[in-house]
Each structure stands twice: as C-alpha cells, then as structure tokens.
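A look at the structure
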Amino acid sequence: MTTASARRARRTPRTLRAAGAGVAVLLALSACSSSDDSDSAGSSPSASGGSEKLSGTVTVFAAASLKESFTTLGKEFEKAHPGTKVTFNFGGSDSLAASITGGAPADVFASASPKTMKIVTDAKDNATEPVTFVRNQLEIATLPGNPDKITSLKDLTKSGLKVVLCDKEVPCGAAAQKALDASGLKLTPVSYEQDVKSALTKVELKEADAAVVYKTDVNAAGDKVEGVDFPESADAVNDYPIALLKDAPNADAAEAFIALVQSPEGQKVLTGAGFLQP
Amino acid sequence: MTSPHDKPAAVADTLTGGPRRGRPRNRVGRGVPLPLLLPALLGLAFLVLPLVALLVRTPWGTLSDQLTSPEVWQALRLSLVCATAATAVSLVLGVPLAWLLARVEFPGRGLVRALVTLPLVLPPVVGGVALLMALGRNGVVGKWLDAWFGITLPFTTAGVVVAEAFVAMPFLVISVEGTLRAADPRYEEAATTLGASRFTAFRRVTLPLIAPGVAAGAVLAWARALGEFGATITFAGNFPGRTQTMPLAVYLALQSDPEAAIALSLVLLAVSIAVLAGLRDRWTTAS
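Here the structure is a predicted model, which is why all the values come from computation and not from measurement.

1. Let's talk about the overall build of chain B
Tallying secondary structure elements over chain B gives 14 helices and zero strands in all. What you see in chain B, going N to C, is helices and strands ordered as α-α-α-α-α-α-α-α-α-α-α-α-α-α. Residues classed as buried in chain B amount to 43% of the 287 residues present. Look at the contacts in chain B between residues 6 or more apart in sequence, and 74% of them connect residues 24 or more apart. Taken as a whole, chain B presents about 14,700 Å² of accessible surface, with 70% of it coming from carbon and sulfur.

2. Remarks on the overall build of chain A
Each helix and strand counted, chain A has ten helices and ten strands in total. Split into buried and exposed, the 278 residues of chain A put 49% on the buried side. Accessible surface for chain A amounts to roughly 12,300 Å². Of this, 53% is attributable to carbon and sulfur atoms.

3. Looking at the packing of helix H9 (residues 186–193) of chain B against helix H10 (residues 198–209) of chain B
Residue and element names in this part refer to chain B. Their axes nearest at 9 Å, the elements H9 and H10 cross at an angle of 145 degrees. Of the two elements, H9 crosses H10, and the hand of that crossing is right-handed. Contacts between H9 and H10 involve Tyr 187, Glu 188, Ala 191 and Thr 192 from the former and Arg 198, Ala 201, Val 205, Thr 206 and Leu 209 from the latter. For the contact of H9 with H10, the class distribution of residues is five nonpolar, two polar and two charged.

4. Notes on the UniProt feature "binding site: molybdate" (unreviewed entry) in chain A
Residue and element names in this part refer to chain A. Residues annotated in UniProt with the feature "binding site: molybdate" (unreviewed entry) correspond here to Ser 65, Ser 93, Val 196 and Tyr 214. The annotated residues occupy 150 residues of the chain but converge on a single region, no pair of C-alpha atoms lying more than 14.0 Å apart. With respect to the helices and strands, the residue Ser 93 is situated in helix H4 (residues 93–101). Of the residues examined, Ser 93 reaches a relative accessible area of 2% and is grouped as buried. Relative to the elements of secondary structure, Val 196 occurs in helix H7 (residues 196–204). In this structure Val 196 comes out as buried when scored by relative accessible area, which is 4%. If we skip the residues at most four places from it in the chain, Val 196 touches Ala 64, Ser 65, Cys 166, Cys 172, Val 213, Tyr 214 and Asp 217.

5. So, the side chain of Asp 217 of chain A
Residues and elements named next belong to chain A. Along the chain, the position of Asp 217 falls in helix H8 (residues 215–220). Here Lys 197 takes part through its side chain, which lies 2.6 Å from a polar atom of the side chain of Asp 217. Here Asp 217 is in contact with Ser 65, Val 196, Lys 197 and Leu 200, once residues within four sequence places are set aside.

6. Notes on the packing of aromatic side chains
Overall, the coordinates contain 14 aromatic pairs over all chains when judged by the stated rule. With a centroid separation of 5.8 Å and 40 degrees between ring planes, the pair formed by Phe 70 of chain A and Phe 133 of chain A is classed as tilted. Of the two residues, Phe 70 of chain A is situated in helix H3 (residues 67–80) and Phe 133 of chain A in strand S4 (residues 131–136); the sequence distance between them amounts to 63 residues. You can call Phe 133 of chain A buried: its relative accessible area is 1%. When the centroid spacing of 5.6 Å and the interplanar angle of 40 degrees are considered together, the rings of Trp 144 of chain B and Trp 148 of chain B count as tilted. Residue Trp 144 of chain B and its partner Trp 148 of chain B are located together in helix H7 (residues 142–149), separated by four residues, close to a single helical turn. On the accessibility criterion, Trp 144 of chain B (45% relative accessible area) is partly exposed. Residue classification places Trp 148 of chain B among the exposed residues on the basis of a relative accessible area of 62%. Here the aromatic cluster, defined as three or more aromatic residues joined through ring pairs, consists of Phe 70, Phe 77, Phe 88, Phe 90, Phe 133, Tyr 214, Tyr 240, Phe 257 and Phe 275 of chain A. Between the NZ or CZ atom of Arg 242 of chain B and the centre of the ring of Phe 239 of chain B, over which it lies, the distance is 4.4 Å.

7. With respect to unusual backbone geometry
Residues apart from glycine generally show negative phi values, whereas peptide bonds are mostly found in trans. One non-glycine residue with positive phi stands out, namely Lys 149 of chain A, at about 50 degrees. For Lys 149 of chain A, the location among the structural elements is in the loop between strand S5 (138–142) and strand S6 (163–166). Owing to a relative accessible area of 62%, Lys 149 of chain A belongs among the exposed residues under this scheme. For Phe 155 of chain B, which is not glycine, the phi dihedral falls at a positive 70 degrees. Within the secondary structure layout, Phe 155 of chain B lies in the loop between H7 and helix H8 (157–182).

8. Regarding the UniProt feature "transmembrane region" (unreviewed entry) in chain B
Residues and elements named next belong to chain B. Residues given the UniProt feature "transmembrane region" (unreviewed entry) here are residues 31–56, 76–102, 114–135, 147–176, 205–223 and 260–279. Along residues 147–176 one finds 77% helix and 0% strand; the C-alpha atoms at either end are 37 Å apart. Strand forms 0% of residues 260–279 and helix 100%; the C-alpha atoms that close the span are 29 Å apart.

9. Structural notes on the sheet that holds strand S9 (residues 226–228) of chain A
All names here are of chain A. If you walk across this open sheet you meet the five strands as S7-S6-S8-S5-S9, and the pairing is mixed. Here the strands that pair on one side only, and so sit at the sheet edges, are strand S7 (191–193) and S9. Put simply, the sheet's adjacent strands are angled 35 degrees from each other on average, direction ignored. Alignment of S6 against S7, held across three bridges, turns out to be parallel.

Thresholds, definitions, all that
Residues numbered from 1 in each chain as written. Chains lettered and ligands numbered in written order. Predicted model: local features only at pLDDT ≥ 70, side-chain atom pairs only at ≥ 80, totals over all residues. Heavy atoms only, no water. Helix = DSSP H or I, 4+ residues; strand = E, 2+ residues; numbered from the N terminus. Buried < 20%, exposed > 50% of the residue type's maximum accessible area, 1.4 Å probe, protein only. Contact = heavy atoms within 4.5 Å. Areas by Shrake-Rupley, 256 points an atom, 1.4 Å probe, with all protein chains shown as cover. Axes fitted to C-alpha atoms, helices over the stretch in contact; angles between N-to-C directions. Left-handed = near helix turned anticlockwise from the far one by under 90°. Nonpolar A, V, L, I, M, F, W, Y, C, P; charged D, E, K, R; others polar. UniProt positions renumbered as here; feature names shortened; annotations may be inferred. Polar contact = N/O pair within 3.5 Å; in protein donor to acceptor, adjacent residues only side chain to side chain. Phe/Tyr/Trp six-rings, centres within 6.5 Å; stacked < 30°, edge-to-face > 60°. Lys NZ or Arg CZ within 6 Å of the ring centre and 35° of its normal. Pairing = 2+ DSSP bridges.

Below, the structure written as structure tokens:
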C-alpha cells in the first residue's frame with residue numbers, strides 16, 4: 001500500500017498530496033485502534049431471562065501482574081459457562097483506574113493495590129465493595145544464572161549495575177520504594193517503567209541487569225529470569241482488591257467471574273502462580 | 001513546461017494551509033457548496049474540539065503551582081533538546097536520502113522508498129521494540145557497540161534522540177523528496193555543464209531551491225519528535241532528567257494526578273502551536 005501510493009506520488013504533485021492525506025488518515029486510524037482494544041461489542045445479555053444461564057462478554061480490567069493467572073481463569077470460566085467470553089484489559093492499575101473513571105465500558109476491576117482501587121471507589125464507579133482476593137510479594141529478577149551475584153536488595157545499589165524499577169505511581173513501584181525505605185537504601189535505577197511487565201521485559205531482553213518486580217511475574221517469566229528473594233519484601237506486601245463495576249454491561253456473568261476468582265479452585269490457580277492467600 | 005515558482009511551494013502549502021497565489025478564491029456564503037462546507041466544518045470541529053476541551057478542563061487556579069515544579073521544566077527542556085537533536089540527525093541523514101530517492105535511478109527504489117516511509121504507519125511502540133532488537137545492549141548491532149566502544153543506547157538521552165529520529169525522519173524525507181521531484185533538475189544540469197561537481201551543484205543550486213521544503217520537513221519532523229511517546233518509553237525508558245520527555249511525564253502524571261497531566265499537556269500544546277504558527281510565514285514566503 002505504501003509502495004503503491006509512493007509510486008503513484010512520483011507522477012504528479014496532486015497524487016502526492018492525496019497520498020499524504022492517506023498517510024494522515026492511516027496514522028489517525030492506527031492511533032485510535034491501539035487505544036481501543038477493550039471493546040465489549042459482544043456483550044448482549046440476551047439470555048438473562050430469569051435462569052442461571054450466563055452469556056455474553058465479561059470485560060475484566062486487571063493489573064498487569066494478573067495476566068497469566070487471570071487468562072487461565074478466563075478460559076476456565078468460558079468452559080464452565082458455554083456461550084460466555086471473557087476479555088481482558090491488562091495494564092498498570094492506575095491507568096486502568098483512570099480509564100474506568102473516564103467511562104471505559106468494563107464489568108470487573110482487579111487492581112494491584114487498595115490505593116488504585118480507591119480511585120474507582122472515590123468516583124463511585126464500583127457496584128460492590130472491593131474485596132482482597134490475593135496478596136503479592138516483591139522479588140528481585142536477575143539475568144539467568146545471576147551473573148552479577150545479586151543476593152540482597154543492597155546489592156542492587158552497586159555501581160555499574162543497570163536496575164529498573166516500576167514508576168512510583170504504579171503499585172509495584174510504590175511497593176519497591178516502601179521496601180527500599182524500610183531498609184534505608186538509596187537506589188538510582190536507569191528507568192522507572194510504567195508497569196511491572198515492562199520492568200521485567202527489560203531484564204528478559206538483557207537490557208537491564210535486575211528489576212524489582214512481583215514474585216508472580218518472575219514465576220511467569222520461567223527461566224528467562226532468575227528470582228532472588230529478599231527479606232525486606234515482607235514490609236511491602238501488596239493487597240489485590242477486586243470489585244464489580246457500576247454500569248457493568250454484563251453484571252450477572254461478571255459476578256460469577258468474581259466468585260470464581262475467590263473460589264478454592266480460583267485460589268489454587270492464583271497461589272500456583274506465586275500469589276499469597278489473603 | 002513546469003512553473004518552478006509554484007511547485008516547491010505545493011508541499012509547504014499543503015502542510016500549512018498557506019494561501020496559493022494567483023488562484024480565484026471563494027468566500028464563505030457565496031460560492032461554497034453545502035455538501036463541501038458541512039463536512040469541512042465538521043472536520044474542523046473534530047480536530048479542534050479536543051484542544052478546546054483541554055482548555056476548558058485546565059485547572060487555571062492551580063496552574064501556576066503545577067507548572068513551577070522543577071520536574072516540569074526538566075521534562076520540557078529535555079523534550080526541546082531531544083526533539084531538536086533528532087531533527088538535526090534527520091536533516092543530516094534525511095536530506096541526502098531524499099535526494100537519492102528523487103534524483104538517482106536504482107533498482108528497488110520503490111521498495112527503498114516504502115521502507116523509508118514505514119515508520120510513518122508503524123505503531124511507535126513497534127518502532128521502539130525494533131530499536132531495542134537492533135541497538136539494545138543485547139541487540140544485533142548494539143551488542144557490538146557495547147563490546148567495542150562501551151556504548152549502550154537504552155536508558156540514555158542519546159537513546160531518546162535515536163527513538164525520536166527514527167519516528168520523525170520519514171516526515172522530513174517525504175517532504176524534501178516531494179519538493180525535489182517538483183524542482184526543475186535543469187538548474188543542476190546547467191551548473192554541472194558550467195563545471196560544478198555534482199556535490200557543488202547540490203550544495204549551491206539544489207539546496208537553496210528546495211529550502212522551503214527542507215524547512216517544512218524539518219518543522220514537521222521536530223513537531224513529531226516533540227510528541228513522540230511510544231518508541232521513547234519502549235527504547236529509552238523513563239527517568240526524570242535523562243529520558244523522561246514531556247509526553248512520558250504527561251502519561252505518568254495521568255495515572256495519579258490528572259490535573260497535572262492536563263497542565264503538562266497544555267504546555268506541550270502551547271509550544272507546538274507557537275512553533276508551527278511562528279514558522280508558517282517563513283516557509284510560504286521563502287518560495
């Protein structure tokens with residue numbers, strides 16, 4: 001397409017201008033499609049006529065750290081309730097909360113900290129009281145084989161070591177800061193990443209030597225990174241609250257999904273991923 | 001026979017909406033058909049409304065507090081410095097590239113042109129990932145940069161410039177190439193028959209001839225670099241004072257303090273408008 005329009009553009013200035021306009025339209029389209037992937041078009045609660053039969057799409061906004069376990073739970077939910085579909089929007093809890101208060105159509109919000117959940121409850125965008133469904137602990141992620149011999153939080157302050165942290169605005173960054181403060185350490189990272197997954201990715205790609213992320217993320221990354229426990233992480237355990245949202249397009253199915261997350265089988269999936277029970 | 005005074009201005013005029021001389025112009029209400037006027041006004045409203053909304057929602061009362069924080073100036077300064085550096089890189093590499101595409105016949109030119117314009121349609125985050133794969137510490141080329149020279153680009157200000165240049169340079173190249181193809185090559189040929197080398201002809205004849213197109217392209221590239229977000233946060237990360245440009249600061253502020261994000265957006269908007277408006281006349285009169 002680009003080749004074709006470029007070739008046409010060689011002939012006359014007028015088609016050059018047309019091609020320019022085409023490029024502008026393409027730019028606009030690509031910009032909006034990337035931010036609008038949480039579309040809940042299929043959520044028509046047509047079969048909610050009294051019976052327990054659930055249908056339609058459940059849209060779940062969940063913290064990036066829940067990605068693996070919630071994806072598994074979503075598949076289990078779809079299997080248990082044929083005709084339903086669970087779609088996820090994983091991201092930094094704060095930006096998810098901001099899109100919910102901004103009016104994004106969602107049924108469930110699972111956040112990585114009470115503070116971000118409070119943004120939603122303060123705006124009265126929740127339909128049920130948030131409940132803590134899991135807790136998460138920090139861990140240091142290092143390169144496979146731990147070539148820099150990192151054994152403690154203090155080792156991260158060594159000079160020449162490239163460490164990434166989450167931004168202080170997102171829960172994993174706030175937790176990391178809390179752990180650092182508790183141990184009286186001062187750490188200058190090379191970057192404050194916008195969510196826990198991008199912090200971990202920088203280590204997976206070997207661009208950074210270490211990152212302070214959640215234990216669950218280290219588990220999920222398999223052997224691409226190595227996890228190092230540190231005692232100060234006990235001072236910065238994060239509670240994960242979940243709530244049904246006001247104006248949920250598919251409230252019945254959403255409630256059933258929240259129930260699954262809290263059920264023993266749901267908890268088994270979550271603890272299997274490294275989460276702690278509340 | 002082409003009219004050399006009109007064509008080079010075409011690109012700049014398209015970009016700026018500047019007036020075309022010597023053409024009859026319609027006045028609103030007299031000659032403008034409704035089927036054109038209505039969508040035109042709707043289009044205008046669509047583009048301007050979000051900017052107006054930003055002004056409406058700006059916390060004017062606390063604005064001065066929001067804007068006097070050192071972080072804001074740090075981010076703004078970094079944004080301006082990096083966008084300017086990225087434009088300089090684009091000029092040094094992009095003008096010769098545009099000349100090559102416009103003046104030299106070589107096999108696969110269409111493909112090369114498509115590749116050059118690819119970053120225009122590529123999502124910037126994809127650009128950032130590609131840059132990491134190429135120039136990251138563990139990247140295809142970056143590995144050797146690190147091993148031989150000890151240079152690593154990610155997480156550095158230079159990394160921001162690289163990311164911005166990658167996204168902004170195509171704007172300069174297509175603008176300059178369009179101007180070059182519209183410019184009459186016979187002036188260059190005349191110069192070479194009079195004994196000038198091809199490079200001298202380019203420097204002394206072609207470059208002054210296409211100056212408005214280069215200026216237009218440079219400003220476009222600068223504005224694009226200033227607004228660059230995806231490739232920057234992916235490739236260069238986010239560290240205040242080193243890699244945190246204004247768009248990154250806006251994004252992260254939005255997560256905890258929407259008012260601060262609005263205030264920061266306003267600054268970026270003001271700077272962009274000032275530059276685009278300030279340079280408009282220069283392009284259009286230069287031709």
